[in-house]
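Remarks on the overall topology
Spelled out, the chains give:
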Number of protein chains: 2
Amino acid sequence: MSDKREEPVFMEGAVCPLPLGHDEQIVMGHGSGGKMSHELIGRIFLPPFDNDVLRAANDAGVVQAAPGARLAISTDSHVVTPLFFPGGDIGRLAVCGTVNDVAVMGAEPRYLTAGFILEEGLPQQTLARVVASMQAAAAEAGVVIVAGDTKVVEKGKADGLYINTSGVGVVPAGVELGGERARPGDVVLLSGPMGDHGIAVLAARGELGFEAAVESDVAPLNRLAAAALQAGDVRVMRDPTRGGVASTLNEIARQSGVAIVLDEAALPVRPAVAAACEMLGFDPLYIANEGRLLVIVGRDEVDAVLAAMRAAPYGTETVVVGEVRAEPARRVLLRTALGSLRIVDMLAGELLPRIC
Amino acid sequence: MSDKREEPVFMEGAVCPLPLGHDEQIVMGHGSGGKMSHELIGRIFLPPFDNDVLRAANDAGVVQAAPGARLAISTDSHVVTPLFFPGGDIGRLAVCGTVNDVAVMGAEPRYLTAGFILEEGLPQQTLARVVASMQAAAAEAGVVIVAGDTKVVEKGKADGLYINTSGVGVVPAGVELGGERARPGDVVLLSGPMGDHGIAVLAARGELGFEAAVESDVAPLNRLAAAALQAGDVRVMRDPTRGGVASTLNEIARQSGVAIVLDEAALPVRPAVAAACEMLGFDPLYIANEGRLLVIVGRDEVDAVLAAMRAAPYGTETVVVGEVRAEPARRVLLRTALGSLRIVDMLAGELLPRIC
């Protein structure tokens, strides 16, 4: 997930950022993907870096590199712990995360870079396993790794290894997507159950206190995204990673100035994930996914897009989960099983540190 | 500096990589930019990632993204310690390092991404200073930061902050540069004194044991590179970062299958750097630079390129330092003040960890 999408919060609450106190420090919550991340970005990163591309606040920056060559460019650093978890590892995560950020802009992901920060003492076998997994994911997504870099830091200055991947994709002519394009009447699709990645990583850490047969959903979504795009009038695509479906839809609601109403009964959650969340007091709406696609589409073309997504890789479980309304603008609401509406806010603090 | 350039070593010595022992670990020398880095890359990264772009082994991968849109793409993670040093900081280093890797391929650097790994407890003021420095360097280089990402790790799992920058540049039509293009008879130019960056960082760590009035040379070299390119028949450009001028020229000698002969008397070193190196037993040929350009040019156009570089930003101290010969192929030699020739090998172990 890229943090540049968060600008709407900055625009809203801190157009003139407050001066920093001398004693303010970075805390884990600043990496949550929720409110604290947005606040940090609005205060520290956006004022100096401000430009049109960042201001669009999407998962990848879209630029016109040459006549006929519109590019989507994205970056993600990966610090997940543990390095290996059911269904994936930091290498697959690093490739898929960046492929997906490029793909949700409607671009065809083409080129990846890979930057490694290695901790002294890391077994070379571990690194070799991660690199092989990256290559397998890259081959699956149809992207090539065109540049790399390796740095080593002393023992105790990292945690095994960290990987940055950056990606470049080509946006086909005529494709225009973005978080600001949702319109009242549009329909919200989700490509599969929520929270598999977060709970799988938590289980791998031994933090559940019980066995959970959950695998991470980490997957390259470029073919799924392309299928949706070809089938109908897609307004917005986004992969709900850190902060979960709730935080991602809040970002879109703010960017588009609309309300998004979710239907609780329609939201897919695997029983094992639901059970884990109930035990831990988590809401699956806030748990990270790494292979799920949110698609917002014009109502007339829902059936075509739904059918296309269900026929595409990683899309067989796609369902309609909600709709876009005009009011209350900039809000996400949940229609509960009892028929009442409750506000679904962005993730407030830190839920699961180092989930990606 | 990108590590992908190292493939020639792999091609030469380990076409069929040895299986990894179970007990082999990453050590600091694997990040040196010298022989150990090459060996690691040849063993772990290149076999799975192998493709035409990486195999070219230059500072940035060059790809044809669309008709009329040839891109140079590069990545660099930065882990320098301390974060601030005379003449620069990790932010300026991160921007310039990637701008330069793109520029030495003859490309016009356009777009950067910035991925931050922050250690819990980092003062926000420190981060703000680094970000402001990045923006100043980006503005100086004429590039925009189009995507960003922030992760936070627990105290003791990083060292303040690490920054990955990746860069995308557009290669003008007709420009063909690469480490494999040096030809016997060509001349080697260097844009200024060697070793300023490495010694400045060492001094900032208090590891010199004496005062040294040396500032890092860290600078964006894209305008200097463009000036050289416009002036004449440039074969190769490269910025001699980790591993220094010696390691960079060894890479080029191997890629092109030529000998490079340096003239010791012509190699520029500031007195303060020379004194520090003498005290510490270092050779300035192996000390990292972050604002120097090596240019290999056809003999007939040396004067024009030299004049153009001296008139360009960061190029006023450009000098001729050597020449390209046919034999002994794949070697760098130094013609000493006494007239004898000695072999200048690639950096063997680790000299200055976490210099960039």
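These remarks concern the structure in this document. (Residues numbered from 1 in each chain as written. Chains lettered and ligands numbered in written order. Predicted model: local features only at pLDDT ≥ 70, side-chain atom pairs only at ≥ 80, totals over all residues. Heavy atoms only, no water.)

1. Describing the overall build of chain A
For chain A, the helix and strand inventory stands at 10 helices and 14 strands. A compact globule built from 356 residues would reach a C-alpha radius of gyration of about 21 Å, and chain A, at 19 Å, matches this within 12%. If one aligns the C-alpha atoms of chain A with their principal axes, the spans along those axes are about 55 × 55 × 50 Å. The buried share among the 356 residues of chain A stands at 63%. Across chain A, the fraction of contacts at a sequence separation of at least 24, relative to all contacts at a separation of at least 6, is 84%. Roughly 11500 Å² of accessible area belongs to chain A as shown, and the carbon and sulfur atoms make up 54% of that amount. (Helix = DSSP H or I, 4+ residues; strand = E, 2+ residues; numbered from the N terminus. Rg over C-alpha atoms; globule rule 2.2 N^0.38 Å. Buried < 20%, exposed > 50% of the residue type's maximum accessible area, 1.4 Å probe, protein only. Contact = heavy atoms within 4.5 Å. Areas by Shrake-Rupley, 256 points an atom, 1.4 Å probe, with all protein chains shown as cover.)

2. Description of the packing of aromatic side chains
For the structure on display, the rule yields 4 aromatic pairs over all chains. Residues Phe116(A) and Phe45(B) carry aromatic rings whose centres are separated by 4.6 Å and whose planes lie at 50 degrees to one another, so their mutual orientation is tilted. Taken as a pair, Phe116(A) in strand β5 (residues 108-119) and Phe45(B) in helix α2 (residues 35-49) lie in two separate chains rather than in one. Residues Phe116(A) and Phe45(B) agree in their burial class; the two are buried. Note on Phe45(B) and Phe49(B): the rings are 6.5 Å apart at their centroids and 35 degrees apart in plane angle, and the pair reads as tilted. In this pair, Phe45(B) and Phe49(B) are both assigned in helix α2, 4 residues apart and thus about one turn of the helix distant. Residue classification places Phe45(B) among the buried residues on the basis of a relative accessible area of 6%. Ring pairs connect the aromatic residues Phe45(A), Phe49(A) and Phe116(B), which therefore count as one cluster. The residue whose ring lies beneath Arg129(B) is Phe84(B), and the NZ or CZ to ring-centre distance is 3.7 Å. (Phe/Tyr/Trp six-rings, centres within 6.5 Å; stacked < 30°, edge-to-face > 60°. Lys NZ or Arg CZ within 6 Å of the ring centre and 35° of its normal.)

3. A look at the sheet that holds strand β14 (residues 341-343) of chain A
All names here are of chain A. Read across the open sheet, the 7 strands follow the order β9-β11-β8-β12-β10-β13-β14; overall the sheet is mixed. Among the strands making up the open sheet, the edge pair consists of β9 (234-238) and β14. Recorded for the sheet is a direction-independent mean angle of 25 degrees between the axes of neighbouring strands. Sheet analysis places strand β10 (residues 259-263) next to strand β12 (residues 319-325), joined by 4 bridges and oriented antiparallel. Along β12, the bridge assignment pairs leucine 262 with glycine 322. Helix-sheet contacts for helix α8 (residues 244-256) involve β8 (187-190), β9, β10, β11 (294-297) and β13 (331-335), and the interaxial angle to β9 is about 140 degrees. Against the sheet, helix α10 (residues 302-310) engages β8, β11 and β12, with an angle of about 10 degrees to β8. (Pairing = 2+ DSSP bridges. Axes fitted to C-alpha atoms, helices over the stretch in contact; angles between N-to-C directions.)

4. Describing the relation of the copies chain A and chain B
The pair of chain copies shares a relation made of a rotation about an axis and a shift along it. Overlaying chain A with chain B gives an RMSD of 0.0 Å, the required rotation being 180 degrees about an axis along which the chain moves by 0.0 Å. The superposition of one copy onto the other is thereby described by a two-fold rotation axis. Looking at the rotation axis and the C-alpha trace of chain A, the residue lying nearest is Ala158(A), at 2.3 Å. When you check the interface residues of chain A against chain B, 100% turn up at the interface there too, and the contact is symmetric in its surfaces. (Least-squares fit on C-alpha atoms with pLDDT ≥ 70 in both.)

5. Here we look at the state of the cysteines
Residues and elements named next belong to chain A. Evaluation of the coordinates by the stated rule reveals 0 disulfides over all chains. Not engaged in a disulfide, the cysteine cysteine 356 finds its nearest cysteine sulfur in cysteine 96; these two sulfurs lie 13 Å apart. On the accessibility criterion, cysteine 356 (5% relative accessible area) is buried. (Disulfide = S-S within 2.5 Å.)

6. What to know about unusual backbone geometry
Cis peptide bonds are those with omega within 30 degrees of zero, and the linkage from Thr81(A) to Pro82(A) qualifies with 0 degrees. Tracing the chain through its elements places Pro82(A) in the loop between β2 (69-78) and β3 (84-85). Geometrically, the link from Glu327(B) to Pro328(B) is a cis peptide bond, its omega value of -10 degrees lying close to zero. Examined against the element boundaries, Pro328(B) turns out to sit in the loop between β12 (319-325) and β13 (331-335). Not every positive phi belongs to a glycine, and Ala57(A) is a case in point at roughly 60 degrees. Turning to its location among the elements, Ala57(A) is positioned in the loop between α3 (52-55) and β1 (61-66).

7. Considerations on the interface of chain A and chain B
The interface of chain A with chain B comprises 80 residues on the first partner and 80 residues on the second. When residues of chain A are sorted by the area they lose upon contact with chain B, Ile26(A), Phe49(A) and Gln124(A) head the list and together hold 11% of the total. Counting the contacts that link chain A with chain B gives 8 salt bridges. The shortest N-O distance in the salt bridge between Lys157(B) and Asp159(A) comes to 3.9 Å. Taken together, chain A and chain B are joined by 33 residue pairs in polar contact (both at pLDDT 80 or more). Of all elements in the fold, only α2 (35-49), α3, β1, β2, β5, α5 (124-141), β6 (144-153) and β7 (161-171) of chain A reach the threshold of two or more residues within the side of chain A that touches chain B. (Buried area = accessible area lost by both parts, 1.4 Å probe. Salt bridge = Lys/Arg side-chain N within 4 Å of Asp/Glu carboxyl O. Polar contact = N/O pair within 3.5 Å; in protein donor to acceptor, adjacent residues only side chain to side chain.)

8. Some points on helix α4 (residues 90-103) of chain B
All names here are of chain B. Here α4 spans 20 Å end to end across 14 residues, near enough to the 20 Å set by a 1.5 Å rise per residue. Counting buried positions along α4 gives 14 out of 14 residues, so the element sits mostly inside the fold. Of the residues flanking the start of α4, the one acting as N-cap is aspartate 89, its side-chain oxygen 2.7 Å from the backbone nitrogen of glycine 91. (Expected span 1.5 Å × (residues − 1).)

9. Observations concerning the pairing of β2(A)
All names here are of chain A. For β2, the tally of buried residues reaches 10 of 10 residues, placing the bulk of the element in the interior. By the alternation rule, side chains of β2 split into Ala69, Leu71, Ile73, Thr75 and Ser77 and Arg70, Ala72, Ser74, Asp76 and His78, which are all buried. In this sheet, β2 lies alongside β1 in antiparallel orientation, the contact comprising 5 bridges. The partner of glycine 61 across the bridge, within β2, is isoleucine 73. What sits between the antiparallel neighbours β1 and β2 is a turn of 2 residues, in which glycine 68 has the positive phi angle 80 degrees. As paired strands, β2 and β7 are joined by 9 bridges and run antiparallel to one another. Counterpart to serine 74 in the pairing with β7 is glycine 167.

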